[in-house]
Amino acid sequence: MHLASTRIITADVDRLVAFYEAVTGLSATRYTPDFAELRTTGATLAVGSTRTLALFGGDAVAQAAANRSAIIEFRVGDVDTEYARLAPDLGSALVQPPTTMPWGNRSLLLRDPDGTLVNLFAPVTAEAEQRLDQP
């Protein structure tokens, strides 16, 4: 099995896609006004409008801007460099500035416009590097 993508449901596709394009430096592919994808080397982050819920059984299947249990994580080369690049525009999106975690990652924690936590991280210890480079 292979994790292919994570999809976020939102009431404002344009706003959420713009946030993730700014954070990742990638351009999203917009298939329709209701669906876009940001493809990274490891997986895809999909953004779908609440209007797409009808295709999955209706509005009760998912609720936009209601996540309080998942963190979307992007491995980056250098957390402090990313922080310097993003800092001028972060405003209230910043949850925690770059911090070294006990498990050996340096992390920058943000909150996207819909409230989902986003972690930009890089391993900073040999143990973390080894753990993250295993298939």
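Everything below is about the structure shown above.
Worth saying up front: this structure is predicted, and the values here are computed from it rather than measured.

Digging into the overall build of the chain
Counting its secondary structure elements, the chain contains 3 helices and 8 strands. Of the regular secondary structure in the chain, the N- to C-terminal order runs β-α-β-β-β-β-α-β-β-β-α. Taking 135 residues into account, the globule formula puts the C-alpha radius of gyration at 14 Å, and the chain, at 16 Å, falls close to it. Expressed as lengths along the three principal axes of its C-alpha atoms, the size of the chain is roughly 45 × 40 × 25 Å. Counting all 135 residues of the chain, 39% fall into the buried class. For the chain, contacts bridging at least 24 residues in sequence account for 52% of all contacts bridging at least 6. Mean positive and mean negative side-chain charge positions of the chain (11 and 16 charges, respectively) differ by 3 Å.

What to know about the packing of aromatic side chains
In the structure shown here, the tally under the stated rule is 3 aromatic pairs. With a centroid separation of 6.4 Å and an interplanar angle of 50 degrees, the aromatic rings of Tyr-20 and Phe-74 are classed as tilted. With Tyr-20 in helix α1 (residues 13-24) and Phe-74 in strand β5 (residues 71-75), this pair connects stretches of sequence that are 54 residues apart. For the pair formed by Tyr-20 and Phe-74, the shared burial category is buried. With 6.0 Å between their ring centres and 35 degrees between their planes, Tyr-31 and Phe-35 make a pair best called tilted. An aromatic cluster is defined as three or more aromatic residues linked by ring pairs; in this entry it consists of Phe-19, Tyr-20 and Phe-74.

Let's talk about the sheet that holds strand β1 (residues 5-10)
In spatial order, the strands read β1-β4-β3-β2; together these 4 strands make up an open sheet with mixed pairing. Here the strands that pair on one side only, and so sit at the sheet edges, are β1 and β2 (29-32). When the angles between neighbouring strand axes are averaged without regard to direction, this sheet yields 20 degrees. Two elements, strand β3 (residues 35-39) and strand β4 (residues 44-49), share 5 bridges in a ladder whose sense is antiparallel. Bridged to Phe-35 within β4 is Gly-48. Set on the sheet, α1 makes contact with β1, β2, β3 and β4; between it and β4 the angle comes to about 160 degrees.

What counts as what
Residues numbered from 1 in each chain as written. Predicted model: local features only at pLDDT ≥ 70, side-chain atom pairs only at ≥ 80, totals over all residues. Heavy atoms only, no water. Helix = DSSP H or I, 4+ residues; strand = E, 2+ residues; numbered from the N terminus. Rg over C-alpha atoms; globule rule 2.2 N^0.38 Å. Buried < 20%, exposed > 50% of the residue type's maximum accessible area, 1.4 Å probe, protein only. Contact = heavy atoms within 4.5 Å. Lys, Arg positive; Asp, Glu negative; His and termini not counted. Charge placed at Lys NZ, Arg CZ, Asp CG, Glu CD. Phe/Tyr/Trp six-rings, centres within 6.5 Å; stacked < 30°, edge-to-face > 60°. Pairing = 2+ DSSP bridges. Axes fitted to C-alpha atoms, helices over the stretch in contact; angles between N-to-C directions.

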